[in-house]
Each structure stands twice: as C-alpha cells, then as structure tokens.
Amino acid sequence: MSESSAEAVVDAAASMALASATGAGPGWRRATGIAGAAIGVVAAGAAAGVALERLTVGRGMRQKARLALDSTGPYGSLRGTPGKAYADDGTELYYEVDDVDPEAGPALSPRRRRLFGRKAPAPVTVVFSHGYCLSQDSWHFQRAALRGVVRTVHWDQRSHGRSGRGVRQVQDGVPVDIDQLGQDLKAVIDAAVPQGPIVLVGHSMGGMTVMALADQYPELIRDRVVAVALVGTSSGRLGEVNFGLPVAGVNAVRRVLPGVLKVLGQRADLVEKGRRATADLFAGVIKRYSFASRDVDPAIVRFAERMIEGTPIDVVAEYYPAFDNHDKTAALAHFADKPVLVLAGVGDMVTPSEHSEAIASLLPEAELVLVPDAGHLVMLEHPEVVTDRLADLLTRAGAVPAGATVGGYGSSTAQPG
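Since we're looking at a predicted model, the values are computed, not measured.

(A) How the structure looks around the overall build of the chain. Looking only at helices and strands, one finds 17 helices and 8 strands in the chain. The buried share among the 417 residues of the chain stands at 56%. Summarising the internal contacts of the chain: among those between residues at least 6 apart in sequence, 81% fall at separations of at least 24. Surface exposure of the chain reaches about 16,800 Å², of which carbon and sulfur atoms provide 55%.

Below you can see the structure in the form of structure tokens.
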C-alpha cells in the first residue's frame, strides 16, 4: 500500500467512525466495530496491520479455539492477599501481596534453587507496575518464579484490571496523565509497603509510572528504593513512534485519532458491541503488535487478547493524551546511583528498543538487555529472559543470595508454576 493510499484509508475509517458514533449514517455496528478494534489496539500499543491468514480460517473454528483456550489457559490465575489503596481523588486501587514463605528455602524447586539458592532473601518488596490496557496478571511468569521467595506487590492501574474507574475521569472528564499514575503508585506503596526497601519494576506505561514517582517523590527513591527495572518503556518522545506504518499513514492517524477517540469514548456502549463483533480482526492486530516471534504459544496470545479486550474504549480514550505529553527524561537522574535493568524486545513497535537505549545512555551503570525476536510483551514472549535478568538485579540489590542466577538470553518454553 502506498503512503497516499494508507492516508486515504485512515481518513475514510475515521470518517466512518465519527459518522456512525454520532448517529449520522447507516452501518454503525460495522463502523464502530472497525474503529473500536483498530483504535483500541492503537491505544494499547498496536497501531495497525492484520495478519491476512486469519481471514482464511472459519469464524466458527476460531471461536471454538478461543473458548478452549479461555477454559484451559492457566495464565493470570495466580492470586495473592488482596488489598486496597486510595488515590488522592478517591479512586480505589486494587493490589495483591505475595509474601515470603519462611518454609520455602529447603523445598525450593530446581528452577528456584538455581535462581535464588536456599537462603532466605533480604526483606525487600518488589513492586510490579503493568502497562496500558493490561493488568497485574501480565507479570504472570515473573510472579510464578518469585512466588514465596521474595515479597512482591502487584497492582492494577486506575481503570484497569480490578481497580476502580478513575474518579476524576468519571466525575470531571479529566484525561489521565502520567503524573497521576505516579501519585497512584505512591498510594499503593504507602498502603502495601509502608516500610522497608523496595525494588520497582515497570513495563511500558508501568515504567513511565515509575519515572513519574521518581519525579514527584525523589526522597522515596533516595531513601527506600534499592533497584529499578524498566521493561519495554520510554522516557518521552512517544509522538515520534511510527508503529511500523508508512509516514503518511502515521501522520493521518495522529491527525484524526484524538477526535475519533473523543467521540468513540462518548459512545462506548456502541463501540464495545462493535469490538466484540470484530474479535478476529482485533486478535490479529494484538498479536502483530504484542509479539515478534513466529511460534508464540497460542494460549499466551489469547491471554494477552483477554487483558486488552477487557479495557473499555472510554478508558482507552481518556488515557491516550498522556503518552504524547509524557516526558520524564530528567527524572531518570534519580536512579543514577541505583542498580538498574533496562530491557526491551528488538522487535517492539510500540515502545521501540531505541527508547530503552536512550534511557540506558543516561544511566551508564545500568544493565541494558535487548532481546532478539521479542516484541512489546517481552515478559510473556520470552519470560525466562526477563525473569533471569530480574533475578540478577535482585542479587545486585541484595534482595537474594549472590552467585545463583541462570545465564543466557535464549527464548523459553517455561510453563506457569
């Protein structure tokens, strides 16, 4: 497709969506379905493009496959002790705590023994922040590996997962900004980790949340944070990301997307019906922009689909402006004297690996890991790479015994534990 054709297609789709959502034309179900699927994934970090082979497989077969995976897939099934924190505007933030198992040492599995040895870890809490249109369950593999060995906190960002809808967004129509997410993380830490050392781990928007925390609460970083992991994230300049599209296509998307999102967010009920009707298109786009490997486990792909599909279009819309405005480059200085892991997939088209390289260039002591054959959801696509590098970070931070990590950056066939 030429650049002019790409721009024309985007403009036409935008016009259909706007007309349909405002009730100005026929076929709203089809139009809002296309727009809801495409824009929902754009905002989740998947801009455009569908694997054509999905169109050659019968709809009934695909439906049966999804149902089978939904009923048997174990991913996202790990649960901990629930808790609630409250943001400054009253938004309820849901988190879960996995505590250290004092009896775990002698009974560690071979995998955990290789990672962490038999000694009890230092009293450190690892706080995981997830990405846009995901949930705390996106850290499934890392949670399974650390479970019972080191204290962890997993939370859902506002309007995601089990957390409540943002009060300020619902009552006042205020879009979310990254600073708000940093304040939310501080509320979770105050509730779940009121004392003791902390390791902060963030993926994509979660990494931006960690940067916002540092920007607003530098004393917390100085006094209590002992290490930081930034996975598939960016400190700014997200408006320059092209999502693998031709220049004209990207420019067209940027021109029309804010208006389309605003309208679609106001007609969320219609758009959600359309998204469900175009689930196959939606799934193809998610796979393209979440993973780079050809042989990703279908159950993993379906797991990612479920998380992204679970994000309402009005939430997608209210978050969208935050990313163009995000710039926390200066906040990285607060991590300069900490052990830092910066990790990204080489095939990430959402927060390209060049953004991670830019972060690492400002933190010369950081470990930079670029994972070949990996996309945006690298922690699901190559879980052992992320887990092993995270284990090394915890060792450097004194959270686990030294000399017991697994080397190598190869892809994994690990199953959830």
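(B) Expanded view of unusual backbone geometry. Positive phi, close to 65°, is recorded for C133, a residue that is not glycine. Relative to the helices and strands, C133 resides in the loop between β3 (125-129) and α5 (140-146). Classification of C133 by relative accessible area gives buried; the value is 0%.

(C) Highlighting the confidence of the model for the chain. For the chain, per-residue confidence averages 77 on the pLDDT scale, and residues scoring 70 or more make up 63% of the total. Scored below 50 in pLDDT, residues 1-57 makes 108 contacts in the model with residues more than four places away or belonging to other chains.

(D) View of the sheet that holds strand β6 (residues 225-231). Here we have 8 strands laid out as an open sheet, ordered β1-β2-β4-β3-β5-β6-β7-β8, and mixed in their pairing. Every interior strand has two partners, whereas the edge strands, β1 (81-86) and β8 (367-371), have only one. Averaged over neighbouring strand pairs, the angle between their axes works out to 20° when direction is ignored. On top of the sheet, helix α8 (residues 205-216) reaches β3, β4 (151-155), β5 (198-203) and β6; it is set at about 135° to β5, its chief contact.

(E) Up close: the packing of helix α7 (residues 178-192) against α8. One way to put it is that α7 packs onto α8 with a least axis distance of 7 Å and a crossing angle of 80°. By the criterion of interaxial angle, the relationship of α7 to α8 is roughly perpendicular. Between α7 and α8, the contacting residues are I178, D179, L181, G182, Q183, L185, K186 and I189 on the first element and M205, M208, T209, V210, A212, L213, D215 and Q216 on the second. Grouping the constituent residues of the contact of α7 with α8 by class yields 9 nonpolar, 4 polar and 3 charged.

(F) Spotlight on helix α14 (residues 313-325). Of all the bends in α14, the greatest reaches close to 25° and is centred on Y319; the proline P321 follows between one and four positions later. Those residues of α14 not exposed but buried are I313, V315, V316, A317, E318, Y319, Y320, A322 and F323.

(G) Region of interest: the nonpolar core. V199, V201, F291, Y319, F323, L343 and L380 are the most contacted members of the largest nonpolar core, which totals 56 residues. Per element, the largest residue contribution to this core is 7 residues, and it comes from helix α13 (residues 298-309). Setting aside anything within four residues of it in sequence, one finds F291 in contact with V296, I300, V301, A304, G375, L377, L380 and E381. Counting residues in hydrophobic clusters, the runner-up holds 32 residues, among them M211, V225, F335 and V342.

The rules behind each value
Residues numbered from 1 in each chain as written. Predicted model: local features only at pLDDT ≥ 70, side-chain atom pairs only at ≥ 80, totals over all residues. Heavy atoms only, no water. Helix = DSSP H or I, 4+ residues; strand = E, 2+ residues; numbered from the N terminus. Buried < 20%, exposed > 50% of the residue type's maximum accessible area, 1.4 Å probe, protein only. Contact = heavy atoms within 4.5 Å. Areas by Shrake-Rupley, 256 points an atom, 1.4 Å probe, with all protein chains shown as cover. pLDDT = per-residue confidence, 0-100. Pairing = 2+ DSSP bridges. Axes fitted to C-alpha atoms, helices over the stretch in contact; angles between N-to-C directions. Parallel < 35°, antiparallel > 145°, perpendicular 65-115°, else oblique. Nonpolar A, V, L, I, M, F, W, Y, C, P; charged D, E, K, R; others polar. Bend = angle between axes of the 7 residues up to and from the residue. Core = buried A, V, L, I, M, F, W, Y, C linked by side-chain atoms within 4.5 Å.

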